[in-house]
Amino acid sequence: MRIGITCYPTYGGSGVVATELGLELAQRGHEIHFISYAQPIRLRGQEPNIHYHEVEVSRYPLFDYPPYDLALATRMAEVAQLYDLDLLHVHYAIPHSVSALLARQMLADGPRGRRLPFVTTLHGTDITLVGLDRSYLPITRYSIDQSDGVTAISNYLRDRTMRVFDVKKEIEVIYNSVNCDVYTRIKHPEKLRAEYAPNGEKLLVHLSNFRPVKRLSDVIEIFDRVRKEIPSKLLLIGDGPDRSVAEWMAVQKGIHEDVLFLGKQDQVQEKLGISDILLMPSELESFGLAALEAMACEMVPIATRTGGVPEVIEDGVSGYLADVGDVDTMARHAITLLTDESRLRAMGKAAREMARSRFCASKIVPQYEDFYRRVLERSS
Ligand code: GMT
C-alpha cells in the first residue's frame, strides 16, 4: 500500500507512535509518505520506502495565525495525487483529521474525481484536553465522524471518546506497540551504567515532555524519598515547561547532583536498557508509551492508576500502580524493589514478557494493515 502519515513531528507520544508505525510498515514493503511541518524526530532521512514531504506555511503579515491546517490539506492532496496514495493515516485529531477531510473532498471534487480515504488515530490529549475546549469540540467530533476509519490507543480512550464526544463512528482499539528487538535489555550494562552511576547506584528514569499532566514534581518527591534509603540517580529524559520547576526543587532538596537532566534523546532505548525503574506518576495517560518502552527493556514501571495505564501495567505483576499524587506509596514500591535485586530482575522480566506478548510491533502492525484493508474495501 501507499500510505500518507501525518503526525506532530516533535517530542510527544503520538509522533513517536506514528513514526515507529511508518518505519515498521516500510520494512514490511509499504511505501510511506510522511507529511508534516518538520521531519519526525525518530526518522533518520535515509530509510528505504520512506519519503518525507514538508508542509510550508506562508508567513504573510496579515496572518497573525498562519493557516497550517490549510497548507497541510493542500500538501496532503498534492502528495496523494503525485504519489498515487491509497489512503491517509492521521495521528491526533486536531487539526490533522480536519485537514485530511479537506484533502479528501478536494480530490473527490477534482478533475479525476479520486477517492482518498483517511484513518484517524486518537491518542489522548486530542480528546481529553484539547477536544473538550468548546471551541474545538464540534469540529473534532465532526472530523472523527467523517473519518473512513477511527482507532484509539486504549479501551479507556475509546470509551471516553464515545461518551464525551457522542460520536456515531465505530472506534476500533489498536494498542500502541514497541519494537521488541530495538527496545531490549543491554547485555553488559556495567560500563554504560557507570557513566551515570559511578559508585554502583540504582538508576531511576522519567521520560516525558515535562508538561503539567506528567507531574514532574511528584517524580522529584518520589526520588527524594528513595534516595534517602538507597544510593541512586534519577535520569530525566525529555524537556518541556516544568523543567525549571523540577530543577529548582532538586536544588532546594539538595539532591541536584543525583538528578541528571539529559534533555531530548533520540535513542532512548540506550538509557532504558541499562536502568532499573521507570517513574510515571501522571495525572492522566491514555496509554503510557514510555512505560511500555521501559517494560520492553526489563525496567519495572511505577505509575499511577489512571486512564489506560492499567491496560498496560498489571499491578504487582509487571509493575506497580498507585493513586495520582500518592508519592509515598510509589516511593515505597521503589524502595522495596531496589533493596531486593532478584525481585527487581524477576519483575523486569515479567514486564518484558507483558510487552512482548501483548504489545510487540510484530503483533500490532498487522492489525493496522488489516484495518487499512477493511477501510479500502469499504471505500472502493
Ligand atoms: O502525553 C503527552 O503529552 C503527549 C501525547 C501525544 O499525543 O503525543 O501522548 C498521548 O499519546 C501517547 C501515544 O499514543 C500516549 O502514550 C499517552 O498516554 C498520551 N498522553 C495522554 O493521554 C496524556
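Summarised in this report is the structure supplied together with it.

Basis of the calculations
- Residue positions are counted from 1 within each chain, in the order its sequence is given.
- Owing to the predicted nature of the model, reporting of local features is limited to residues with pLDDT of at least 70; listing and counting of side-chain atom pairs is limited to 80 or more, with chain, interface and lining totals taken over all residues.
- Note: side-chain values were computed over all heavy atoms of the structure, leaving out hydrogens and water.
- Here a pair means two rings of Phe, Tyr or Trp (six-membered ring of Trp) with centres within 6.5 Å. Their orientation is stacked below 30 degrees between planes, edge-to-face above 60, and tilted elsewhere.
- Strands are runs of DSSP state E lasting at least two residues, helices are runs of H or I lasting at least four, and both sets are numbered from the N terminus onward.
- Between buried and exposed lies partly exposed: a residue is buried under 20% and exposed over 50% of the maximum accessible area for its type, with that area taken using a 1.4 Å probe on protein chains only.
- The criterion for strand pairing is that DSSP finds at least two bridges linking the strands in question.
- Axis geometry follows a simple rule: fit a line to the C-alpha atoms, using only the stretch in contact for helices, then measure angles between N-to-C directions, giving values from 0 to 180 degrees.
- Any two residues having at least one pair of non-hydrogen atoms within 4.5 Å are treated as being in contact.
- Working definition of a nonpolar core: buried Ala, Val, Leu, Ile, Met, Phe, Trp, Tyr and Cys residues. They are joined through side-chain atoms within 4.5 Å.
- The start and end points of each domain follow an automatic or database-based domain assignment.
- Roughly parallel means an angle under 35 degrees; roughly antiparallel, over 145; roughly perpendicular, 65 to 115; everything else is oblique.
- Crossing handedness follows the turn of the near helix against the far one: under a right angle anticlockwise gives a left-handed crossing, and clockwise gives a right-handed one.
- Any residue that is not Ala, Val, Leu, Ile, Met, Phe, Trp, Tyr, Cys, Pro, Asp, Glu, Lys or Arg is counted as polar, Gly included; the first ten are nonpolar and the last four charged.
- The term salt bridge refers to a side-chain nitrogen of Lys or Arg lying within 4 Å of a carboxyl oxygen of Asp or Glu.

1. Concerning the packing of aromatic side chains
Part 1 of the argument: If you walk through the whole model with that rule in mind, you get six aromatic pairs.
Part 2 of the argument: Centroid distance Y37 to Y68: 5.5 Å. Interplanar angle 85 degrees. Geometry classified as edge-to-face. Taken together, the residues span a long stretch of sequence, with Y37 in the loop between β2 (31–36) and β3 (50–54) and Y68 in helix α2 (residues 68–82) at a distance of 31 residues.
Part 3 of the argument: Relative accessible area serves as the criterion here: at 33%, Y37 is assigned to the partly exposed category.
Part 4 of the argument: Relative to F287, the ring of Y175 lies with its centre 6.1 Å away and its plane at 50 degrees, an arrangement referred to as tilted. Residue Y175 is found in the loop between β7 (171–173) and α7 (190–196), and its partner F287 is found in the loop between β11 (277–280) and α11 (289–296); the two are separated by 112 residues along the sequence. No difference in accessibility class separates Y175 from F287, as the two residues are buried.
Part 5 of the argument: Here the aromatic cluster, defined as three or more aromatic residues joined through ring pairs, consists of Y175, F287 and F359.

2. Some thoughts on the sheet that holds β11
Part 1 of the argument: Taken together, the six strands give an open sheet; going across it, the order is β10-β9-β8-β11-β12-β13, and neighbouring strands pair in parallel fashion. What marks the edges here is a single partner per strand, and that holds for β10 (259–263) and β13 (320–322). Across the sheet, the mean angle separating the axes of adjacent strands is 20 degrees when strand polarity is ignored.
Part 2 of the argument: The pairing of strand β12 (residues 300–304) with β13 spans three bridges and is parallel. Bridged to T304 within β13 is A322.
Part 3 of the argument: Along the sheet face, helix α13 (residues 327–338) touches β8 (202–208), β11, β12 and β13 and points at about 170 degrees away from the line of β12.

3. Some words on the nonpolar core
Part 1 of the argument: The biggest cluster of nonpolar side chains holds 75 residues, and the ones touching the most others in it are I32, L122, L272, L278, L292, I313 and Y372.
Part 2 of the argument: Residues lining this core come from more than one domain, with at least three contributed by each of domain 1 (2–177 + 361–379) and domain 2 (190–358).
Part 3 of the argument: Setting aside chain neighbours within four positions, we find Y372 in contact with M1, I3, L21, L25, L87, H89 and V119.
Part 4 of the argument: Counting residues in hydrophobic clusters, the runner-up holds 31 residues, among them L216, L234, L338 and M347.

4. Brief notes about the packing of helix α3 (residues 96–108) against helix α5 (residues 137–146)
Part 1 of the argument: At their nearest, the axes of α3 and α5 sit 9 Å apart, and the two run at 50 degrees to each other. It follows that α3 is oblique to α5 by the angle criterion. Crossing hand, α3 versus α5: left-handed. On α5, the residues touching S97, V98, L101 and R104 of α3 are I139, Y142, S143 and Q146.
Part 2 of the argument: In the contact of α3 with α5, the residues fall into four nonpolar, three polar and one charged.

5. What to know about the pattern of salt bridges
Side chains bearing opposite charge may pair, as long as their charged atoms lie close to each other.
Part 1 of the argument: For the structure on display, the rule yields 30 salt bridges.
Part 2 of the argument: Of the charged contacts, one joins D218 and R215 as a salt bridge, the two residues approaching to 2.7 Å between their closest N and O atoms.
Part 3 of the argument: The exposure class assigned to R215 is partly exposed, which follows from its relative accessible area of 23%.
Part 4 of the argument: For E221, the salt bridge identified is with R225, shortest N-O distance 2.9 Å. With E221 and R225 both in helix α8 (residues 216–229), this residue pair falls four residues apart, about one helical turn.
Part 5 of the argument: Owing to a relative accessible area of 21%, E221 belongs among the partly exposed residues under this scheme.
Part 6 of the argument: Through salt bridges with shared partners, one network takes in E221, D224, R225, K228, K253 and D328.

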